[in-house]
Amino acid sequence: MSTVKGVISLLLLTLTTLAWGIPLVLLTLVKLITPARRLRRRLLQGLNAVALNWVGTNLWWMRLWLRPNLEIRLPEGLSRDQWWLVLSNHRSWTDIFLLFFALHRRLPMPHFFVKRQLIWIPIVGLAFWAMEFPMLRRLSREQKQRNPHLARRDEEATQRMFRHARERPITIYNFVEGTRFTPAKRVTQGSPYHHLLRPRAGGIAQVLTLLGDRLDGILDVTLRYANPRPTFWGFLCGEEERITLDVRQLDIPAWMREGHYHDDPHYKERFHSWLNALWQEKDAALSLP
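The sections below set out a description of the structure shown in this document. (Residues numbered from 1 in each chain as written. Predicted model: local features only at pLDDT ≥ 70, side-chain atom pairs only at ≥ 80, totals over all residues. Heavy atoms only, no water.)

## Quick notes on the overall build of the chain
Spelled out, the test is: Helix numbering and strand numbering both begin at the N terminus, where a helix is a DSSP run of H or I of at least 4 residues and a strand a DSSP run of E of at least 2. Each radius of gyration is computed over the set of C-alpha atoms, and the globule rule expresses the reference value as 2.2 Å times the number of residues to the power 0.38. Buried means the residue's accessible area, taken with a 1.4 Å probe over protein chains only, is under 20% of the maximum for its type, while exposed means over 50%, and partly exposed covers the values in between. In this description, contact between two residues means that some pair of their heavy atoms is separated by no more than 4.5 Å. A 1.4 Å probe and the Shrake-Rupley method give the accessible areas. Residues count as covered only by the protein chains that appear here. Here Asp and Glu are counted as negative and Lys and Arg as positive; His is not counted, and neither are the chain ends. In plain terms, the charge of a residue is placed at NZ if it is Lys, CZ if Arg, CG if Asp and CD if Glu.
Helices and strands together make up the secondary structure of the chain, namely eleven helices and eight strands. Its C-alpha atoms give the chain a radius of gyration of 19 Å, within 12% of the compact-globule value 19 Å for 289 residues. Over its C-alpha atoms, taken along the principal directions, the chain stretches across nearly 55 × 55 × 45 Å. Across the 289 residues of the chain, 45% fall into the buried class. Across the chain, the fraction of contacts at a sequence separation of at least 24, relative to all contacts at a separation of at least 6, is 74%. Total accessible area computed for the chain in this model is approximately 15,500 Å², and 56% of it derives from carbon and sulfur atoms. For the chain, the separation between the mean place of its 41 positive charges and that of its 25 negative charges on side chains is 7 Å.

## Observations regarding the packing of aromatic side chains
Selection rule: Ring pairs shown here join Phe, Tyr and Trp side chains whose ring centres sit within 6.5 Å, with only the six-membered ring taken for Trp; geometry is labelled stacked below 30 degrees between planes, edge-to-face above 60, and tilted in between.
For the structure shown, the criterion picks out 13 aromatic pairs. Centroid distance Phe-97 to Phe-100: 6.3 Å. Interplanar angle 90°. Geometry classified as edge-to-face. With Phe-97 and Phe-100 both in helix α3 (residues 94–103) and three residues apart, the pair spans about one turn of that helix. Each member of the pair Phe-97 and Phe-100 is classed as buried. Here Phe-271 and Trp-274 contribute two aromatic rings whose centre-to-centre distance is 5.9 Å and whose plane-to-plane angle is 50°, an arrangement assigned as tilted. Of this pair, Phe-271 and Trp-274 both sit in helix α11 (residues 265–287), three residues apart, which is roughly one turn of the helix. What links up through ring pairs into an aromatic cluster is the set Trp-54, Phe-97, Phe-100, Phe-112, Tyr-173, Phe-175, Phe-232 and Phe-235.

## A few points about the side chain of His-111
Tracing the backbone shows His-111 in strand β3 (residues 110–112). On the basis of relative accessibility, which here comes to 7%, the residue His-111 falls in the buried class. Apart from residues lying up to four places away in sequence, His-111 is in contact with Asn-48, Met-131, Phe-133, Met-161, Ile-170, Thr-171, Ile-172 and Tyr-173.

## Quick look at the pattern of salt bridges
The following threshold applies: Note on definitions: salt bridges are taken to be side-chain nitrogens of Lys or Arg within 4 Å of carboxyl oxygens of Asp or Glu.
Counting across every chain of the model gives ten salt bridges. Between Asp-220 and Arg-248 there is a salt bridge whose closest N-O contact spans 3.0 Å. Remark: Arg-248 occurs in strand β8 (residues 243–250) and Asp-220 occurs in strand β7 (residues 215–225); sequence separation between them is 28 residues. Asp-220 serves as the salt-bridge partner of Lys-282, at 2.6 Å between the closest nitrogen and oxygen. Of this pair, Lys-282 sits in helix α11 while Asp-220 sits in strand β7, and the two are 62 residues apart along the sequence. Using a relative accessible area of 2% as the deciding quantity, one classes Lys-282 as buried.

## Topic: the sheet that holds β8
For clarity, the threshold we go by: At least two bridges found by DSSP between two strands is the condition for calling them paired. Note on method: axes are straight lines fitted to C-alpha atoms, helices fitted across the in-contact stretch only, with angles between N-to-C directions ranging 0 to 180 degrees.
One open sheet holds the six strands; their spatial order is β1-β8-β7-β2-β6-β3, and the pairing between them is mixed. Edge positions in the sheet fall to β1 (70–73) and β3, since each of these pairs with one other strand and no more. Averaged over all adjacent pairs, the angle separating strand axes in this sheet is 20°, with direction ignored. Bridge analysis of β7 against β8 gives eight bridges, and the strand direction is antiparallel. Pairing of Val-221 across the sheet is with Val-247, part of β8. Each of β2 (83–88), β7 and β8 touches α11; the most contacted strand, β7, lies at about 35° to it.

## As for the pairing of β2
In terms of burial, β2 is a largely internal element, six of the six residues being buried. Going residue by residue along β2, you find Trp-83, Leu-85 and Leu-87 tucked away on one face and Trp-84, Val-86 and Ser-88 tucked away on the opposite face as well. Inspection of the sheet shows β2 paired to β7 by six bridges, in the parallel sense. Among the inter-strand pairings, Trp-83 is bridged to a residue of β7, identified as Leu-215. Here β2 runs beside strand β6 (residues 171–175); their pairing, made up of five bridges, is parallel. Bridged to Ser-88 within β6 is Phe-175.

In structure tokens:
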């Protein structure tokens, strides 16, 4: 029966995507042929509305059909009229929908740093491109040295998004580990944490550099699955065990807005110390019964 439930869930997700994909494609085509920047901004707002309604529709049927065993703890004072940076650990594709369960329409339009390969996913990849999400290549240090133009393209895409983000409130979601946690990845990486991979500071630093004076707060999200090996398919089958999502608001230290991560080694060291301390706290929280 769980497999049947999973197939029906996958069908519902597909139908929802196809239904909201129609206005998405139409607005994208109009945006492509529209030269006026002001009108393109209006069309982008329309695309954002389509994406929010796609999320809301999926959350609606997931609540009724899957009934996830989900406990959410949120801070007070969340607002859709402010700029936010959301940091989270990463265990499964399910994480994205869990964040939406907690924060959908409590914060402004979400934006993600997404892997460039995702552009090939039908409709979803088009949505990422049309809504101007920064689509980044996963390059090693050696690849960046051999192909610096690819790294520059990623940087230009990120800067372009943040120029537009300064015009109206936005939420930047960042899975700081850069990939989903598994015990094997933890061993390969030599992570000093029991439940987490090493955090990556570059994306957060870029947000603070390009959006720091606009940013109103940082939300630190800790996702805890009772199931040690969660999967999105298990979630769609209704088999996922208890999930806890704990959100706390962090103040942005004054020094964090004033430095330059890539140019100031002292600032970079201080930034890494701050992030590692945050990750130690998160790891300690995940170690509690």
